[in-house]
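Listed here are the chains, written in short residue letters.
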Amino acid sequence: MSTKIWFDRYVDDWLHALPLGNGRVGGMFFGNPHRDVVEINEESLWSGRQIKETNHATPADLARIRELIFENRLREAAQLSRETFLADPPRVRFYESFGELSIDFADKGEFEDYRKELELSEAIASAAWRKGETAYKSECFISEAYDILCYRVEAKGSPFSCAVSMQRGQDAYTAAVADDTLVLNGRVTYTPHPEYGEGGEGMSFGARIKVVSDGTLQERRDHILVTDATYVEVYGAFATNYNAQKFDIDGGKDYRAALTACMDRVAGASYDAVKEAHLRDHAGVFSAATFELDAPDYSGEPTDARLSKVRSGERSDPDLCTLYYHFGRYLLTESSGKNASLPANLQGIWCHGFRPPWGADYHTNINLQMNYWPAETGNCADAVEPLVHFMRMLSGFGEQTAREEFGARGWCINHTTDVFGRTGVHDSVDCGFFPMAGPWMCMNLWEHYEFSSDPAVLREIYPVLKGSCLFLLDYLTESPEGYLTTSPSNSPENSFYYTEPDGQRHGSMLTHGATIDFEIIHALFTRTAHACKVLGEDDGFADTLTATLDRLPPLRVSQRYGTLCEWISDCEEVEPGHRHVSHLFGLYPSDQINETDPVIFEAAKNTLSRRLAYGGEGGAGCHSVGWSQGWMVNFFARFKDGEGALARVKGLLKNCTADNLFDIHPPQLFQIDGNLGGAAGITEMLLQSHLGSPDSRTVELLPALPAEWCTGSFRGLRARGGFTFDLAWKDGALTEVTVTASRDGILKIMLPSAPAGYSLSDGVLTRPCRAGESVRLVF
Ligand code: FUC
C-alpha cells in the first residue's frame, strides 16, 4: 500500500511541491537545498470584501425572458438576461497566496543524494540532500492542535548559515522585531476593474515567525540571520481578520492577538512534543480509511517515474491507484477538515500567487459539489462541517436574490460564489444563470445526513433544504409542452443547435428545462419529503413536493443519438465530447437512474460512450479535464463496469495528473475536484449503497471490481445508514466483511452467496443491528 509521494530530483515548480494543511493554514513545501520555500496559504485570504451586488432584474423581467425562451427567441432572451440579471460587478474576486516562508542557505554549492517526500499517513513533508560531507534533512508539518506551521532543518557534518524570511511581494511589510522573531502585517489591496468592481482595501492579515536554533541568531531588517547552526526550527502562525460567522472582514477581530496566542501556546512546547501531537492527531484521520491491493510494489521508485510509466502505457501500476486514493482523501482532510471554517475551494486551500485559475473560487455547477463526494464514503465526514456552515450562510444571502430577482420564496445561488456571500448571476448569462446550484448543493448536505443517519444532522440542514425547495416551487413554471419547467435554464456549459423564428440557426446554452434540473428537483424533493417524515413536521409541505414531482417532464431517450436527452427537446449537440455530463446527475451523485429502469439505464450508458468517443484529448473535452474523468469513474462504477471505471482512473493518471499528483485542468492548471471526484469513484467501485430509498437502502459490495484489483482490502468504507465496512477480497470474491453500525438500523447487503451462518433472501442478507454492534461475515 503506497502512502508516500516522493522524488529523487529537485524540480523548481509548484506542481512538484508537496501540500500540507491543517484545514485553515496550507503550505506547499518545495524542499529546495539552496533557498527552501514553503508557500503559505490561509483559507480566508481573499481580495475584495462583502458588497451588495446590483442588477436590474425584476420578476417582470423574468416573465419576459421566459416568454422569449418559450418562443425560441433565445438571442433576445440572452440579451435581456444580460441587461437585467447579470450582476454588477459580474465576477467574484480571488483567493490569494499568503506569501513565501523562505530559508535561504548561504551555501549555494552543488548538492547530491536528493530526496523529497510527503508521507500521507503522517502529513509530514521532508527533504534530504548532501553538500560535500554535510548531510541535510528538512521537514515541515502544520499542526492542528497548535494551529502552527513547523519547519526544521538539520545538518550532520559542518554547521550551516541561512536567512529566514517571510515575504508576500505586495501589500504587506515584514520586519524583524527581535533576534528570533519576524512580524508580517498587511492589508489586501485590490484595484478597480470593470469585471470585478471597485478597488479598495480589504482584509488585514499577518504572520509571526519565530526561529529557534543552536546557531547565532541576529535580526536584520526583514529577516533573521542564522550562523553556525546544526539545526534551525521555524514556527509560523498566520491569520486574517475575516470572520466566517459574518462572511465578511471583521474590524473588531484582532488577528494580532490570535497570532500572539498561537506563539505563546507553542513557546512552552518542544519541537518533538508538537510533532508527536501532530502525528497522533493525524494518525486518527488517516487510518480511518485505507485501501490496499495485492499488486506489484513499485513504491521504491519515485512517484513521477511511476506516473510517467503509467502515462506512456509501459506499465499498469494498480498500487498507484491506492496512492491516488489516499492522496485524494488527504487533500480533503487537510483543506477542509481539522481547523477549517471554510470549505475547500477549486484548489482546496493551496494556491500560488495572486491570480489563481478561476480565482480559486467556489464554482457551484459541479466543482464544489464534487470536492465533497469522497467525504462520506471515505470516512472523513468531519470535513463536510465547513461546507454545512457555508451553505447555511449562503442560504441567508441567497434569500434576497430569490426574492428580488426571481420573486421567489426560499433562497438561491448561481454558478459561482466567494467567501463574502455573493449569490447572483455571474460571469455570463449563458452558464452563469444557474439557480439549480443551491438545490444541487443540498445533495451534499443530504448525504451528510444519510450516511450518518443522525437526526441531529437532519435537523440542522432541514431549513436549508426546505428553503431550496421553496425557491424551486416558485421558480417552476408551466412550459409549452404542458409540464412544469425551469426557465431560464442551462445544462452546465453545454450548447445545442436551434433555429430562431427568423430561420437562422445558432448554438445556445440558454434554454428552459435542461434534464439535469429535473433530476436535481427529483433528488431534492424526494429527500426533503422524507426529511419531513423523519422529523415529524411539515406533512403538507411533503405532499406538495410529491405532487409537484408528477408534473415534471420524464427522462427521455434521444431519437437522434440513443442517449439520454440532455435538454427538454431532442436537440443536436454542438460539442458531443463536452466535459460536463450533467444529464447523468441522476446516475451519480443521485440515484434516479439505475438498473431498475433498463431503458433509461441503457440510454445513460450510450450517453457516456458518445461523450468519450468525441471527447478527444487536448482542448477542454472530457478526456483532458480531470474532474470530468473523475465523474466518469463514478458513472462507470454505477454501471457496475469495473473495467470502464478503471480505464477512467487511468485516464485521470495519464492525462490529468501532475507529478505531485495534483489534478490538472487544461492547460496545466491545478484543480482539486478531479483528485476528489477520482477518490470518490474509487470507493464507488468497491461499495455502493444508493439502491432503494432513504427508508431502506441495500448495500452492494465490490460492484465494479476490475481484474487488476482482484485481490485487496479496504478498511473504513462507509455506507448510507451509518454503517462502516472493512472488506477483504481474493480473486474477485469477498473473503471477509466486518460491518459496524453507528446507530440502530436494518442492515441489508446484496451478496452473491451466503456467508457462514447466514441465509439470503433474494440474494440479500437482512439483519437488524444495534448502535456500536459489529457483524463479521466470513465467506
Ligand atoms: C466549470 C468547468 C470548467 C472549470 C471551471 C472552474 O465551469 O466547466 O471546466 O472546471 O468550472
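Report follows, based on the coordinates. All of these numbers come straight from a predicted model, not from anything done at the bench.

What counts as what
- Residues numbered from 1 in each chain as written.
- Predicted model: local features only at pLDDT ≥ 70, side-chain atom pairs only at ≥ 80, totals over all residues.
- Heavy atoms only, no water.
- Pairing = 2+ DSSP bridges.
- Helix = DSSP H or I, 4+ residues; strand = E, 2+ residues; numbered from the N terminus.
- Axes fitted to C-alpha atoms, helices over the stretch in contact; angles between N-to-C directions.
- Contact = heavy atoms within 4.5 Å.
- Buried < 20%, exposed > 50% of the residue type's maximum accessible area, 1.4 Å probe, protein only.
- Parallel < 35°, antiparallel > 145°, perpendicular 65-115°, else oblique.
- Left-handed = near helix turned anticlockwise from the far one by under 90°.
- Nonpolar A, V, L, I, M, F, W, Y, C, P; charged D, E, K, R; others polar.

Thoughts on the sheet that holds strand β30 (residues 696-701)
Then comes step 1: Strand order in the open sheet formed by four strands is β29-β30-β34-β35, and the pairing between neighbours is mixed. The open sheet is flanked by β29 (687-693) and β35 (764-769), the only strands paired with a single partner. Sheet twist, expressed as the average angle between the axes of neighbouring strands with direction ignored, equals 30 degrees.
Then comes step 2: Against the sheet, helix α18 (residues 672-686) makes contact with β29 and β30, and its axis sits at roughly 75 degrees relative to β29, the strand it touches most.

Here we look at the pairing of strand β3 (residues 25-29)
Then comes step 1: The buried count for β3 comes to five of five residues, which makes it a mostly enclosed element.
Then comes step 2: The two faces of β3 match: Val25, Gly27 and Phe29 on one face and Gly26 and Met28 on the other face are all buried.
Then comes step 3: Summarising the sheet, strand β2 (residues 18-21) and β3 pair through four bridges and their orientation is antiparallel. Looking across to β3, one finds that Gly21 is bridged to Gly26.
Then comes step 4: Connecting β2 to the next strand, β3, in antiparallel fashion are three residues, including Gly23 with a positive phi near 90 degrees.
Then comes step 5: The pairing of β3 with strand β4 (residues 35-42) spans five bridges and is classified as antiparallel. Residue pairing in the sheet places Gly27 in a bridge with Ile40 of β4.

Notes on the packing of helix α16 (residues 626-638) against helix α17 (residues 642-655)
Then comes step 1: Where α16 meets α17, the axes come as close as 8 Å, and the angle between the chain directions of the two elements is 165 degrees. Accordingly, the angle class assigned to the pair α16 and α17 is roughly antiparallel. For the pair α16 and α17, the crossing hand works out as left-handed. For the pair α16 and α17, contact is made by Gly626, Gln629, Gly630, Met632, Val633, Phe636 and Ala637 and by Gly644, Ala645, Arg648, Val649, Gly651 and Leu652, respectively.
Then comes step 2: Looking at side-chain class alone, the contact of α16 with α17 contains seven nonpolar, five polar and one charged residues.

Re unusual backbone geometry
Then comes step 1: The linkage connecting Ser487 with the following residue, Pro488, adopts the cis geometry, with an omega of -5 degrees.
Then comes step 2: By secondary structure assignment, the location of Pro488 is in the loop between β23 (484-485) and β24 (496-499).
Then comes step 3: Residues Tyr588 and Pro589 are joined by a peptide bond in cis, for which omega reads 10 degrees.
Then comes step 4: Tracing the backbone through its elements, the reader meets Pro589 in the loop between β26 (572-573) and α15 (598-614).
Then comes step 5: A positive phi angle, near 55 degrees, is found at Asp228, a position not held by glycine.
Then comes step 6: Considering the arrangement of structural elements, one finds Asp228 in strand β15 (residues 223-229).
Then comes step 7: Positive phi values are uncommon outside glycine, yet Leu661 reaches one of about 75 degrees.
Then comes step 8: Here Leu661 shows up in the loop between α17 and β27 (664-665).

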